[in-house]
Amino acid sequence: MREVSAGGLVVDDPGSPHQAVLIAHRLRGGRLAWTLPKGHVERGESHAQAAVREVREETGLTARVLAPLGVTDYWFVADARRIHKWVHHYVLVEPTGELSTEDAEVEEVSWFDLGELPGRLHHRDERRLVAALPSALAGAVGEAAD
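Residues numbered from 1 in each chain as written. Predicted model: local features only at pLDDT ≥ 70, side-chain atom pairs only at ≥ 80, totals over all residues. Heavy atoms only, no water.

A.B. asks: How do you make sense of the pattern of salt bridges when you look at a structure like this?
C.D. replies: A pair can form between side chains of opposite charge whenever their charged atoms are brought close. Counting across every chain of the model gives nine salt bridges. Glu3 is the salt-bridge partner of Lys85, the closest N and O atoms lying 3.9 Å from each other. Pair noted here: Lys85 is in strand 6 (residues 81-97) and Glu3 is in strand 1 (residues 2-10), with a separation of 82 residues, a long-range link. Under the relative-accessibility criterion, Glu3 is labelled buried at 16%. The salt bridge partner of Glu42 is Arg53, with a shortest N-O separation of 3.9 Å. With a gap of eleven residues between them, Glu42 in the loop between strand 4 (38-40) and helix 1 (47-59) and Arg53 in helix 1 connect regions that are remote in the sequence. Owing to a relative accessible area of 12%, Arg53 belongs among the buried residues under this scheme. Ionic contacts of the salt-bridge type, sharing partners, join the residues Glu42, Glu45, Arg53, Glu54 and Glu57 into one network. (Salt bridge = Lys/Arg side-chain N within 4 Å of Asp/Glu carboxyl O. Helix = DSSP H or I, 4+ residues; strand = E, 2+ residues; numbered from the N terminus. Buried < 20%, exposed > 50% of the residue type's maximum accessible area, 1.4 Å probe, protein only.)

A.B. asks: Is there a simple way to explain the pairing of strand 1 in this structure?
C.D. replies: Burial of strand 1 is extensive: seven of the nine residues sit out of reach of the surface. As defined by bridge partners, strand 1 adjoins strand 6 across nine bridges and the pair is classed as parallel. Note on strand 6: the bridge partner recorded for Glu3 is Lys85. Bridging between strand 1 and strand 4 involves three bridges; their strand directions are antiparallel. Bridge pairing in strand 4 places Ser5 opposite His40. (Pairing = 2+ DSSP bridges.)

A.B. asks: Can you walk me through the packing of aromatic side chains in this structure?
C.D. replies: In this description, a pair of aromatic rings is defined by centroid distance and the angle of the planes. Scanning the entire structure with this criterion turns up two aromatic pairs. Ring centres 4.9 Å apart and planes at 80 degrees place the aromatic pair Trp34 and Phe112 in the edge-to-face group. One end of the pair, Trp34, is in strand 3 (residues 32-35); the other, Phe112, is in strand 7 (residues 108-113), with 78 residues separating them in the sequence. Since its relative accessible area comes to 7%, Phe112 is described here as buried. With centroids separated by 6.0 Å and ring planes inclined at 40 degrees, the aromatic side chains of Tyr74 and Phe76 adopt a geometry described as tilted. The partly exposed category is assigned to Tyr74, whose relative accessible area is 31%. A cation sits over an aromatic face here: Arg82 above Trp75, 4.4 Å from the ring centre. (Phe/Tyr/Trp six-rings, centres within 6.5 Å; stacked < 30°, edge-to-face > 60°. Lys NZ or Arg CZ within 6 Å of the ring centre and 35° of its normal.)

Structure representation (structure tokens):
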């Protein structure tokens, strides 16, 4: 079985980002795991539209997509089924609103300095995406200049 999700990295300033938003949820063992906001793509939604919606639902912030950040994939088992999940990540900018934990799956939401993200993010693939942020931003600036 295959699933597709989308989400992203919300940054404070696309020209010179200093901070980004992460969400946290509890793992089965009770430990807090910080991740990028993401969720399922709904029927009729583009990956980018789903990323904007999921960021809003999981963080309370409304932001716009600036550039693709990358795609991750992984396998997991749910209801005795093996599932291959693909997640399309984007860089989101110009956040408005207030941080919120209204989503039942989210325990905490917070801004972190970009330098803290590799040590905070639970998933190795998401740490790799954060490392790609300068390239994604440079590509977005290059496209805007064309």
